[in-house]
Structure formats: structure tokens, C-alpha cells
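Residue strings, one per chain:
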Amino acid sequence: AGSGYPLVLLHGWPQSCYEWRKVIGPLAEQFTVITPDLRGLGDSERPLTGYDKRTLASDVYELVKSLGFEKIGLTGHDWGGAVAYYLAYDHPEMVERLMILDMIPGLGRKGEKMDVAVAQRFWHVFFHAGMPDLAEKLVSPNVEIYLRHFYNSTVYNYSPHVFTDEDVAEYVRVYSSPGALRAGFQYYKTGLNEDFENLSSCTEKLKMPVLAWGGQTFLSNIVPVWQGVADNVEGGEVEQCGHF
């Protein structure tokens, strides 16, 4: 949508490009706005492989190039934030500025320990990643009940009324289609396997300016984490705001 300097917005799980519907119009008054459904999610195709975030970043890179753009501003939320990190790391010549919404670069690096409290908070990571085929089998009989836990729980949201029934219906539609749950859970499986390896190999810091905002209810101030992977980081905590 729109015209001008290109902004690329990358959604997370369990969402799609529909996540950006309220900001596309205002942004399109000044910018070209590109909001893809990431591989396997939304209405994109659902291949069996390629869900590590570096491969997903290469998808976005090829999309941007195919649209004829050389330089972009990049925003990522949730898993889209991890994808955005790898796109910025692997193609700093393309990403001139980076904004991250309530996400860290990855779940961890190979060899690092994970705090027990963090593991408990991210219980869904291990449910999705540990045995994704079983998770799919357990969730698929009632996708809506499972997704509503994330959309309505105050564990993730400042208010349980962030999502309308219309919003939920759209996400239930895309995540009920064949292969969608499996693809989503592969984001987590690769997050605990290939992404740990990939992040360990990222030894340089990002040079472009980074804005990193976390919601008060979920990740809070994520600036210190991003300062570990980028030289120029601003941002902080958004009060009265959750993950979504």
C-alpha cells in the first residue's frame, strides 16, 4: 500500500499480516507499506521445511528485492522480530533502521542456560517445540479455544479485550487451514534447534539504529537485551500495554 520510502512490517504467532491493518492506512499516506504473511502463516504457502528465522529472513529479503527496493525501514513483532534481526544482520545494506516490538533476538544461544522463571513463562515454547506433531493433534480439535488463551489472557495482554470477535475469527480462519498449526509450531521447534545455532554464529553487533519497545505486561523493557546485539539502541517499556 502507498508510495514513498518502503517500510516492511513482520507479524508474529499466532497472527498474520492482519495484525497491521490499523496502521497500514496511516503509514501509506507517507510510505510504501509491505506487510507479508510469513512462510507457513496467514495465507502464505506451508512448506514442510524452512522455518528457522534466518531462512524466513531470506524469504523477506527476496520479496523486497523482487518489489524493486534496495533500502527499507523494518519492524518486527514476536517471531517477526527475530526474523527482522536476521534480515538486519545478514543484509545491513538493505535495513537502514530497525524497530522491534516485544521480542528478543532469539530464544537463546547454544550453550547458554535458561532461567527457570523464564522457562515457566514461556511454557508454550516447549509445548509447541518439544513434540509439535502431538501439539498439533491436541490443539486442532478446537483451534479457537487455544488461540483465545493468548488473545484474551492477561499473561500476555494488559486487557483481556484487545481482540474483537472479528479479529479472533480471522486468526482462527487462517490457523484452521491445512498445515497452518504445524507450520506455526515449526517456528518454535526451529527456535530451540536451528535458531540457537544461528544466533551463536552472530558475533558482530548491528550498526543501524534500533528502537526496541516491550509491553509492560509481557517482556517489559527489552533495551538491555538488544544492546547485547546492537550498538545504537533506544526504546523502553510501553506502559499499560501487553505483548499484542
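Scroll up to find the structure.
First things first, this report covers the structure right here in the doc. All of these numbers come straight from a predicted model, not from anything done at the bench.

### Things to note about the packing of aromatic side chains
For the structure on display, the rule yields 22 aromatic pairs. Here the aromatic rings of tyrosine 85 and tryptophan 226 are separated by 6.0 Å at their centres, their planes lie at 65 degrees, and the arrangement is edge-to-face. In this pair, tyrosine 85 sits in helix α3 (residues 79–90) while tryptophan 226 sits in helix α11 (residues 223–227), placing the two residues 141 residues apart along the sequence. In this structure tyrosine 85 comes out as buried when scored by relative accessible area, which is 0%. Ring geometry for tyrosine 156 against phenylalanine 218: centres 5.4 Å apart, planes inclined by 45 degrees, an arrangement best described as tilted. With tyrosine 156 in the loop between α7 (143–152) and α8 (165–176) and phenylalanine 218 in the loop between β5 (210–215) and α11, the pair connects residues that are 62 residues apart, well separated along the chain. Here tyrosine 156 and phenylalanine 218 have matching classes, each one buried. Here the aromatic residues Trp13, Trp79, Phe122, Trp123, Phe127, Tyr146, Phe150, Tyr156, Tyr175, Phe185, Tyr188 and Phe218 are joined through ring pairs into a cluster of three or more. A cation sits over an aromatic face here: lysine 53 above tryptophan 79, 4.2 Å from the ring centre.

### Let's talk about the side chain of threonine 35
Along the chain, the position of threonine 35 falls in the loop between β2 (31–34) and α2 (53–66). We classify threonine 35 as buried; its relative accessible area is 18%. Setting aside its immediate chain neighbours within four residues, threonine 35 contacts Leu9, Cys17, Trp20 and Ile24.

### Thoughts on a nonpolar patch on the surface
A contiguous nonpolar patch, built from Met114, Val118 and Phe126 and spanning about 220 Å² of accessible area, is present on the exposed surface. Among the structural elements, methionine 114 can be located in the loop between β4 (95–101) and α4 (116–121).

### Considering empty space enclosed by the protein
In total, this model carries one cavity of 30 Å³ or more according to the counting rule given. Counted as a void, the largest cavity has a volume near 200 Å³. Together, 17 residues line the largest cavity, and Asp78, Phe122, His124, Tyr188 and Phe218 are the ones closest to its centre. Residues that form the lining of the largest cavity fall into these classes: 13 nonpolar, two polar and two charged.

Basis of the calculations
Residues numbered from 1 in each chain as written. Predicted model: local features only at pLDDT ≥ 70, side-chain atom pairs only at ≥ 80, totals over all residues. Heavy atoms only, no water. Phe/Tyr/Trp six-rings, centres within 6.5 Å; stacked < 30°, edge-to-face > 60°. Helix = DSSP H or I, 4+ residues; strand = E, 2+ residues; numbered from the N terminus. Buried < 20%, exposed > 50% of the residue type's maximum accessible area, 1.4 Å probe, protein only. Lys NZ or Arg CZ within 6 Å of the ring centre and 35° of its normal. Contact = heavy atoms within 4.5 Å. Patch = residues over 30% accessible without salt bridge, like charges linked within 9 Å, V, L, I, M, F, W, Y side chains within 5 Å. Areas by Shrake-Rupley, 256 points an atom, 1.4 Å probe, with all protein chains shown as cover. Salt bridge = Lys/Arg side-chain N within 4 Å of Asp/Glu carboxyl O. 1 Å grid on protein atoms, 1.4 Å probe; cavity = no way out; pocket = protein on both sides within 12 Å on 5 of 7 lines; lining within 4 Å. Points joined across faces, edges and corners; volume = space filled by probe spheres on them. Nonpolar A, V, L, I, M, F, W, Y, C, P; charged D, E, K, R; others polar.

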